[in-house]
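Commentary on secondary and tertiary structure
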Amino acid sequence: MKIAVLGTGYVGLVTAAGLAEFGHSVVGADKMADKIERIRRGEIPIYEPGLGALLAANLRRGTLSFSADLAAAVQAADVLFVCVGTPQGDDGSADMAQIEEVSRLIAENLNGYKVVVEKSTVPVKTSVWIKRTISLYKKNEEEFDVASNPEFLREGSAVEDFLHPDRIIIGVESDRARDLMLRIYDRHKDRILVTNIDTAELIKHASNSFLALKISYINLMANLCERTEADVELVAKGMGLDPRIGARFLKAGIGFGGSCFPKDLKALIKIGEDLGVDMSLLKETDRINQARVRLFLDKLKSALWILGDKTIAVLGLAFKPETDDVREAPSIRIVQALLDEGARVRLYDPKAADNMRELFPEDGVRVVYGASPAEAAEGANALLVCTDWAEFLDLDLANVKERMANPIFIDGRNLYDPAAVRALGFEYFSIGRK
Ligand code: UGA
């Protein structure tokens, strides 16, 4: 199968490498020529475990190539995976300009039957616009179909998720498109659910919003736990033992971030409202999440009173572990709030510090980046943990405490055992437990 993957962002790169690994002949195409050059040289623009090796192996085997010539990539392929960005627009809805641009490009280069596959997360009914756009701009009678095949990969385990998916959703409206799509995922045929296109599009938004809802739900329970003698970790464990609920995505903390949940939740709210559906449930999910940062900072204030002129160490900047991504990370709002209150920050992250530096440049006084957690803790009046990096569990906390001005420790991800941290002499606060 000849496949073109249009767009080489997170989803595009993983999709291109994964489909090549499945044995297809894949071209990853992007109009950013310098980016393509770098990828060809083996420089991967993102940190994602296993991606470099998968790309290199398939580039070597010749099953994968990269090109800045989008037109040629479209012309040569039978199936086109659209992986361009759908960023959040001003009103919360997804900005579809890049999808429209690619649809026009496909129309202009339609030289035979092709299936155009929506891989990026798009609002339900997007396929109608893609079809209309291609029909509007194509110059011949060549036929095409649109299909929806939403991506469920998680940053940090994207390669694993692509190669070993829980499910593959294929939304189609013709047998021809369905047969082609089934061939692409032949090796996972027991995992495939075929639906119509609207359903497939909605499954993606519905899944992400449900997981976001689950997180806000446990965070709401954490608030209740903080006013009682209950422990949210055990509440989550007890709930999760019921297989109807499931244990995953019940980790209380400072809220969900990243390029997907916050954006997809807002997009689904907007889609629903435009369709005349009351979306209060999801609005509340978003509101609870927004409030996490304020509640977290309240814990700091309850320990330090005034933040002005204090030095606060922040460990963990990425929106979750195993990624260098800081998009919509709670740490951004936390650091901004600390600076707004007149505090100095000392920041550390194993992978995401460079991306954070673009938002909060190091000035040596108010914003300092530590080369290690212990260095970040130097002279701090309090230490905050914002990302549950596994390596933080191996920290020499006694050494960290030695370096701090005050042993105040606020754990936004419930990484540590409260008794053990307190035994070292810290004043320790976490989420939803004493
Ligand atoms: C999410 C979905 O999990 C993927 O299935 C989906 O494909 C992807 O969005 C997407 O739409 O592309 P991702 O954003 O990479 O993946 O990260 P998650 O692992 O889902 O975590 C999202 C946020 O929720 C993180 O900030 C994490 O810290 C937070 N989280 C997660 C919690 O606060 N508690 C939990 O129990 C789980």
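Residues numbered from 1 in each chain as written. Predicted model: local features only at pLDDT ≥ 70, side-chain atom pairs only at ≥ 80, totals over all residues. Heavy atoms only, no water.

**Some details on the environment of Ile288**
Stated formally: Runs of H or I in DSSP of at least four residues are treated as helices and runs of E of at least two as strands, each being numbered from the N terminus. For the exposure calls, accessible area comes from a 1.4 Å probe over protein chains only, and a residue counts as buried if that area is under 20% of its type's maximum, exposed if over 50%, partly exposed in between. Contacts: residue pairs with any heavy atoms within 4.5 Å of one another.
Mapped onto the elements, Ile288 comes out in helix α12 (residues 280–304). A relative accessible area of 13% places Ile288 in the buried class. In this structure, the C-alpha to C-alpha distance between Ile288 and Ala419, residues 131 residues apart in sequence, is 29 Å. In this structure, Ile288 is in contact with Ser216, Asn219 and Leu220, ignoring residues within four places of it in sequence.

**Focus on the packing of aromatic side chains**
What counts is decided by this rule: In this scheme Phe, Tyr and Trp rings, the latter by its six-membered ring, pair at centre separations within 6.5 Å, and the angle between planes marks the pair as stacked below 30 degrees, edge-to-face above 60, and tilted otherwise.
In the structure shown here, the tally under the stated rule is eight aromatic pairs. Judged by centre distance (6.2 Å) and plane angle (50°), the ring pair of Tyr348 and Phe392 falls under tilted. In this pair, Tyr348 sits in strand β10 (residues 344–348) while Phe392 sits in the loop between β12 (382–385) and α16 (397–403), placing the two residues 44 residues apart along the sequence. Judged by relative accessible area, Phe392 falls into the buried class, the value being 0%. When the centroid spacing of 5.2 Å and the interplanar angle of 85° are considered together, the rings of Phe409 and Phe426 count as edge-to-face. One end of the pair, Phe409, is in strand β13 (residues 408–411); the other, Phe426, is in the loop between α17 (418–423) and β14 (427–429), and 17 residues separate them in sequence. The structure contains a cluster of three or more aromatic residues connected by ring pairs, namely Phe409, Tyr416, Phe426 and Tyr428.

**Looking at the domain arrangement of the protein chain**
Spelled out, the test is: All domain edges in this entry derive from an automatic or database-based domain assignment. Throughout, the accessible surface (probe 1.4 Å) given up by two parts as they are put together, summed over both, is called the buried area. The rule for a salt bridge is simple: a side-chain nitrogen of Lys or Arg has to be within 4 Å of a carboxyl oxygen of Asp or Glu. Identification of polar contacts relies on pairs of N or O atoms within 3.5 Å, with a donor-acceptor requirement for protein atoms, meaning one able to donate a hydrogen and the other able to accept it, and with residues adjacent in sequence counted only if both atoms are side-chain atoms.
On domain assignment, one finds that the protein chain holds domain 1 (2–195) and domain 2 (286–429). Once you take the C-alpha centre of each, domain 1 and domain 2 turn out to be 38 Å apart. Between domain 1 and domain 2, the contact holds seven residues from the first and eight residues from the second. Here domain 1 meets domain 2 over a buried area of about 640 Å², counting both sides, of which 44% is carbon and sulfur. There are one salt bridge connecting domain 1 and domain 2. One salt bridge connects Glu155 with Arg327, and the closest N-O pair in it is separated by 3.5 Å. Our enumeration of links across domain 1 and domain 2 arrives at five residue pairs in polar contact (both at pLDDT 80 or more).

**A few points about unusual backbone geometry**
Phi at Glu322 takes a positive value of approximately 65°, unusual for a residue other than glycine. Mapped onto the elements of the fold, Glu322 is located in the loop between β9 (311–315) and α13 (330–340). On the basis of relative accessibility, which here comes to 35%, the residue Glu322 falls in the partly exposed class. In this structure, Glu328 takes a positive phi of about 55° despite not being glycine. Take Glu328: it is sitting in the loop between β9 and α13. Residue classification places Glu328 among the partly exposed positions, given a relative accessible area of 47%.

**Here's the deal with the site of the ligand**
Quick reminder of the rule: Summary of the distance rule: residues count as near a molecule or strand when at least one heavy atom falls within 4 Å of that molecule or strand. Only the protein chains shown count as cover for residues, and the accessible areas themselves come from Shrake-Rupley with a 1.4 Å probe.
Around the ligand, the structure places 19 residues, and the nearest of them are Phe152, Leu153, Glu155, Lys204 and Asn208. Within the contact set of the ligand, an oxygen atom lies 2.8 Å away from a backbone nitrogen or oxygen of Lys251. One nitrogen or oxygen atom from the side chain of Lys320 is found 2.8 Å from an oxygen atom belonging to the ligand. Across the complex, the protein chains shield 91% of the 720 Å² of accessible surface that the ligand would expose by itself.

**A word on the nonpolar core**
Generally speaking, a soluble globular protein has its nonpolar side chains buried in company with each other. Short version of the rule: Here the nonpolar core consists of buried residues drawn from Ala, Val, Leu, Ile, Met, Phe, Trp, Tyr and Cys, with membership extended through side-chain atoms lying within 4.5 Å.
In terms of nonpolar packing, the biggest core is built from 62 residues, with Leu300, Ile334, Leu338, Leu384, Phe409 and Tyr416 touching the most fellow members. Ranked by the residues each element gives to this core, the list is headed by α12, at five residues. Grouped together as the second largest cluster of nonpolar side chains are 38 residues, Ala16, Ala147, Ala158 and Ile192 included.

**Let's talk about the sheet that holds β14**
Rule in force here: Two strands qualify as a pair provided that DSSP identifies no fewer than 2 bridges between them. Interaxial angles span 0 to 180 degrees and are taken between N-to-C directions of axes, which are lines fitted to C-alpha atoms, for helices over the stretch in contact.
Ordered in space as β11-β10-β9-β12-β13-β14, the six strands form an open sheet in which the pairing is parallel. For this open sheet the edge positions go to β11 (367–369) and β14, each flanked by a neighbour on one side alone. Between one strand and the next, the sheet's axes are offset by a mean angle of 20°, whatever the strand orientation. In this sheet, β14 lies alongside β13 in parallel orientation, the contact comprising three bridges. Residue pairing across strands places Ile408 opposite Glu427, the latter belonging to β14.

**Details of helix α6 (residues 126–137)**
Filter applied, for reference: To estimate the expected span of a helix, subtract one from its residue number and multiply by 1.5 Å. Think of the arc as the fan of directions from the helix axis to the C-beta atoms.
Helix length check: α6, at twelve residues, gives a terminal C-alpha distance of 17 Å against a target of 16 Å (1.5 Å per residue), a fit within 8%. Those residues of α6 lying buried are Thr126, Ser127, Ile130, Thr133 and Ile134. All buried residues of α6 fall inside an arc of 125° around its axis, so they share one side. Residues of α6 that are exposed and angled more than 90 degrees away from the buried face: Trp129 and Leu136.

**Quick look at the pattern of salt bridges**
Throughout the structure, instances matching the rule amount to 30 salt bridges. As a salt-bridge pair, Glu100 and Arg104 come within 3.0 Å of each other at their nearest N and O atoms. A residue pair is termed a helical-turn pair when its members lie 3 or 4 positions apart in one helix, as Glu100 and Arg104 do in helix α5 (residues 97–108) at four residues. On the basis of relative accessible area, Glu100 is assigned to the partly exposed category, the value being 30%. When its relative accessible area of 28% is taken as the criterion, Arg104 is described as partly exposed. As a salt-bridge pair, Asp242 and Arg244 come within 2.8 Å of each other at their nearest N and O atoms.

**Some thoughts on the packing of helix α1 (residues 10–21) against helix α3 (residues 51–61)**
Heads up, the rule is: Under this scheme an angle from 65 to 115 degrees is roughly perpendicular, one under 35 degrees roughly parallel, and one over 145 degrees roughly antiparallel; angles in between are oblique. Crossing handedness follows the turn of the near helix against the far one: under a right angle anticlockwise gives a left-handed crossing, and clockwise gives a right-handed one. Here the term charged refers only to Asp, Glu, Lys and Arg, the term nonpolar to Ala, Val, Leu, Ile, Met, Phe, Trp, Tyr, Cys and Pro, and the term polar to all other amino acids, Gly among them.
Close contact between α1 and α3 brings their axes to 9 Å; oriented N to C, the two are set at 50°. In this view, α1 runs oblique relative to α3, as classed from their interaxial angle. Crossing handedness for the pair α1 and α3: left-handed. Across the interface between the two elements, Leu13, Val14, Ala17, Gly18, Ala20 and Glu21 of α1 pack against Leu51, Leu54, Leu55, Asn58 and Arg61 of α3. Tallied by class, residues from the contact of α1 with α3 come to seven nonpolar, two polar and two charged.

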